[in-house]
Amino acid sequence: MNFRSLTRGDGVVIGAAVLLFIASFLDTFDSDGSDSDKLPIAWDNGNLLMSVYLLGVIGAALIVVGRGMGQRKVVGLELGQVGVVFSIAAAWSSLGAIFDTDQSFGFLFEGGGPFGGGAESPDAGMGLILGLIATLVLAAAAVATNIVPALKAPLAGAGGPKPPQPYGGQPQGGYGYPGAQGAPQPGQPYGGQPAAPAQPYGGQPQGGGQTPPPAQAQQAGAPAGDFSPFWFAVPVPRPLYAEDGSPTPIAELAPGTWYLAVEQRGQSLVAQTQDGRRGVLQDTTGIQRG
């Protein structure tokens, strides 16, 4: 059962059901001068208990369970719809009970009843009054939840604050995200990425040794013969310079976004931006490979 699918209207339904259940233990009617210990409650009257209190609580439960289980159907009926009907029926029965206490409880005040001897017709007690309020709120919330936008809002938020993504992370499907739709996949002739786990580009080897100097045979500015394009992210904003050696940056690489390295020139990388521009990233310290 998905409790995150519950709405504010469902919260009102739950509150009304709790109030209705409490009301079932309160005095059904108020009779001045009578022994309060002998006053009946809803549980002493099976008809009242079933038609008002339990019917309303069961209706609320069906509404909440139906919402949490994705409007599951039983014998072709949605649980939520059945719950709405039960809630309205409980409110209707409660109206009849509170406005016709003489018909419902007059036998208690007849000559042979426990309150006989000329007692007047009973007045509605706290149990009936709170029961009426609870069933009316329950029925109103059950119906309005599917109509009023404010009651359609989630009862609980979408969850607490999301934990920060690892550095260089990007939503699935974004530009440059390794494995995203449309992104180069391993084994493709261009843009393939290695299957090795991510590690900082140019990081030091295990054991604390210093980074070895570049191969002497590789000339500065000459592309590496065994270079394979890969995705990378920068730890801080880094300027991207034109390939012709101009000192003016043509773009800025921002943290949190994957970029594609298409060529290596000494300690520099030729990177491609989101809009397809290519330039030289001169400072490759601490970049993270995808």
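Predicted model, so just to flag it, every value in this text is computed and none were measured.

1. So, the overall build of the chain
Counting its secondary structure elements, the chain contains 6 helices and 11 strands. Contacts in the chain between residues far apart in sequence, at least 24 positions, make up 65% of those at least 6 positions apart. Entry remark: accessible area of the chain is about 16,300 Å², with carbon and sulfur atoms responsible for 59%.

2. Section: the packing of aromatic side chains
Per the stated rule, a full pass over the model turns up 5 aromatic pairs. Aromatic ring contacts, followed pair by pair, group F227, F230, F232 and Y259 into a single cluster. Positioned above the aromatic ring of F230, the side-chain terminus of R289 is 3.9 Å from the ring centre.

3. Remarks on the pattern of salt bridges
Taken as a whole and judged by the stated rule, the model has 6 salt bridges. When the shortest N-O distance is used, the salt bridge between R238 and D283 registers 3.5 Å. Placement of R238 in strand β6 (residues 238–241) and of D283 in the loop between β10 (278–281) and β11 (288–289) is noted, with a sequence separation of 45 residues between them. A relative accessible area of 36% means that D283 is categorised as partly exposed. We note a salt bridge from E263 to R278, for which the minimum N-O separation is 3.8 Å. Here R278 lies in strand β10 and E263 lies in strand β8 (residues 259–265), a separation of 15 residues in the sequence. When its relative accessible area of 18% is taken as the criterion, E263 is described as buried. Connected via shared salt-bridge partners are E243, E263, R265 and R278.

4. Points about the pairing of strand β5 (residues 230–233)
In β5, alternate side chains face the same way, and those of F230 and F232 on one face and W231 and A233 on the other are all buried. In the sheet, β5 pairs with β8 via 3 bridges, with the strands oriented antiparallel. Its bridge partner lying in β8, F232 is registered against Y259. Both β5 and β11 contribute to a ladder of 2 bridges, which runs antiparallel. Along β11, the bridge assignment pairs F232 with R289.

5. Some points on the side chain of T135
Mapped onto the elements, T135 comes out in helix α5 (residues 126–144). Taking relative accessible area as the criterion, T135 reaches 0% and is therefore assigned buried. Excluding residues within four positions of it along the chain, T135 makes contact with L20, V52, S87, A90, A91 and S94.

6. A look at the packing of helix α2 (residues 46–68) against helix α3 (residues 79–99)
When two helices pack together, their arrangement is given by the angle between their axes and by how far apart the axes lie. Here α2 crosses α3 at 155°, and the two axes come no closer than 7 Å. Considered as vectors, α2 and α3 are oriented roughly antiparallel to each other. In the crossing of α2 with α3, the sense of the turn from one axis to the other is left-handed. In this structure, α2 contributes L48, S51, V52, L55, G56, I58, G59, A60, L62, I63, V65 and G66 to the contact, and α3 contributes L79, G80, V82, G83, V84, F86, S87, A89, A90, S93, S94 and A97. Grouping the constituent residues of the contact of α2 with α3 by class yields 15 nonpolar, 9 polar and no charged.

7. A word on the nonpolar core
Among the nonpolar cores identified, the biggest contains 13 residues, and F232, L253 and L281 are the most heavily contacted of them. Beyond its immediate sequence surroundings of up to four residues, F232 is in contact with L253, T257, W258, Y259, L260, A261, A271, L281, I287, Q288, R289 and G290.

8. Some words on a nonpolar patch on the surface
Together, V12, M126, I129, I133 and V137 make up an exposed nonpolar region whose accessible area comes to about 380 Å². For the nonpolar patch, the leading source of residues is α5, giving 4 residues. Within the fold, I129 resides in helix α5. Among the residues examined, I129 registers a relative accessible area of 36% and is labelled partly exposed.

9. Quick look at the packing of helix α1 (residues 8–23) against α2
Interaxial distance between α1 and α2 falls to 9 Å at its minimum, and their mutual angle equals 155°. Taken together, α1 and α2 sit at an angle that is classed as roughly antiparallel. Judged by the sense of rotation from one axis to the other, the crossing of α1 with α2 is left-handed. Side by side, α1 and α2 meet where D10, V13, I14, A17, L20, F21 and A23 of the first sit next to V52, Y53, G56, V57, A60, I63, V64 and R67 of the second. Counted by class, the contact of α1 with α2 contains 12 nonpolar, 1 polar and 2 charged residues.

10. A closer look at the environment of L130
Following the sequence through the fold, L130 ends up in helix α5. Taking the C-alpha atoms as reference, L130 lies 9.8 Å from F21; in sequence the two are 109 residues apart. Contact partners of L130, with chain neighbours within four places excluded, come to L19, A23 and L26.

About the thresholds
- Residues numbered from 1 in each chain as written.
- Predicted model: local features only at pLDDT ≥ 70, side-chain atom pairs only at ≥ 80, totals over all residues.
- Heavy atoms only, no water.
- Helix = DSSP H or I, 4+ residues; strand = E, 2+ residues; numbered from the N terminus.
- Contact = heavy atoms within 4.5 Å.
- Areas by Shrake-Rupley, 256 points an atom, 1.4 Å probe, with all protein chains shown as cover.
- Phe/Tyr/Trp six-rings, centres within 6.5 Å; stacked < 30°, edge-to-face > 60°.
- Lys NZ or Arg CZ within 6 Å of the ring centre and 35° of its normal.
- Salt bridge = Lys/Arg side-chain N within 4 Å of Asp/Glu carboxyl O.
- Buried < 20%, exposed > 50% of the residue type's maximum accessible area, 1.4 Å probe, protein only.
- Pairing = 2+ DSSP bridges.
- Axes fitted to C-alpha atoms, helices over the stretch in contact; angles between N-to-C directions.
- Parallel < 35°, antiparallel > 145°, perpendicular 65-115°, else oblique.
- Left-handed = near helix turned anticlockwise from the far one by under 90°.
- Nonpolar A, V, L, I, M, F, W, Y, C, P; charged D, E, K, R; others polar.
- Core = buried A, V, L, I, M, F, W, Y, C linked by side-chain atoms within 4.5 Å.
- Patch = residues over 30% accessible without salt bridge, like charges linked within 9 Å, V, L, I, M, F, W, Y side chains within 5 Å.

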